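# Chains, contacts and geometry: an overview
One letter stands for each residue in the lines below.
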Amino acid sequence: MEIFSKSDIGLVRHENQDSSAFSVISSDCVWAVICDGMGGANGGKVASSMAVEHITESLNANYRDEMNSEEIADLMISTVEEANALIYHAAMDNSDLAGMGTTCDLVFVRNSTVHVVHVGDSRTYSIRGGKILQLTEDHSVVQEMVRCGELTPDEAQNHPNKNFITRALGVNHEVHIDYIEAEFAYGDVLLICSDGLSNHVPRADMVKTVHENRGVMLIDTLVEIAKRNGGSDNITVTVIY
């Protein structure tokens, strides 16, 4: 497996509040995380950085090759729950950081299995052949409206409240985490991104770019498309294949 990642401030923001990390454990085992921070002043950057730092330290310290799939899932979930508590208490202890939080998409791939832990509106996609599947579901006000039939998916894409999320790490003492498990087959591409990419790069362009590029050129092209289409937010993308 190969993994490539890039983060860009975009064209509008004054600070990049996205944070990301990845690790290649072996030729058939990798993990990646993307966190998109929110909060006044520098709170968003603090929250996303804290989450990524804790997740990195925990996975590096606690993952073992002999773990089964259930144990990997438990480690991922407990690690993200710990990150939530760390951010929450940091915000409680420092009034300058009050209200800070972050999304989190943590993806662990081993052999033919993809494990995803998800909070917020960052996304994880699986691209196979000419088809793209969004593995995660946004925790957002607009997604709730889609689920209730008040909006179509196309209307949701351009809704003014699209970025109002309903779950984030650090906002409450406890957080409800989604866990998703999927198949990873030869030729598949996993695409993990903050909403700075997904809001500006249509799915068809994601698929086309994945099929036409590899490595650094792939992530560079995805970021450039997002900037060409507005670049109104920080842009972070990681691909695994």
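Please refer to the structure placed before this passage.
Notes on the structure in this doc start here. Keep in mind that this is a model prediction, so the values were computed, not measured.

### As for the packing of aromatic side chains
- If you walk through the whole model with that rule in mind, you get two aromatic pairs.
- Relative to Tyr 241, the ring of Phe 4 has its centre 6.1 Å away and its plane inclined at 25°; by these criteria the two rings are stacked. One end of the pair, Phe 4, is in strand β1 (residues 3–8); the other, Tyr 241, is in the segment after β11 (235–240), and 237 residues separate them in sequence.
- For Tyr 241, a relative accessible area of 15% gives the class buried.
- Residue placement shows Arg 214 over the ring face of Tyr 241; its charged tip is 4.5 Å from the ring centre.

### So, a negative patch on the surface
- A grouping of Asp 28, Asp 65, Glu 66, Glu 70, Glu 71 and Asp 74 is seen on the molecular surface, where their side chains present a negatively charged patch.
- Mapping Glu 70 onto the fold places it in helix α2 (residues 69–93).

### Examining the state of the cysteines
- Scanning the entire structure with this criterion turns up zero disulfides.
- Cys 35 forms no disulfide, and the closest cysteine sulfur to it belongs to Cys 104, at a distance of 3.9 Å.
- Here Cys 35 falls in the buried class, since its relative accessible area comes to 0%.

The rules behind these values
Residues numbered from 1 in each chain as written. Predicted model: local features only at pLDDT ≥ 70, side-chain atom pairs only at ≥ 80, totals over all residues. Heavy atoms only, no water. Phe/Tyr/Trp six-rings, centres within 6.5 Å; stacked < 30°, edge-to-face > 60°. Helix = DSSP H or I, 4+ residues; strand = E, 2+ residues; numbered from the N terminus. Buried < 20%, exposed > 50% of the residue type's maximum accessible area, 1.4 Å probe, protein only. Lys NZ or Arg CZ within 6 Å of the ring centre and 35° of its normal. Patch = residues over 30% accessible without salt bridge, like charges linked within 9 Å, V, L, I, M, F, W, Y side chains within 5 Å. Areas by Shrake-Rupley, 256 points an atom, 1.4 Å probe, with all protein chains shown as cover. Salt bridge = Lys/Arg side-chain N within 4 Å of Asp/Glu carboxyl O. Lys, Arg positive; Asp, Glu negative; His and termini not counted. Charge placed at Lys NZ, Arg CZ, Asp CG, Glu CD. Disulfide = S-S within 2.5 Å.

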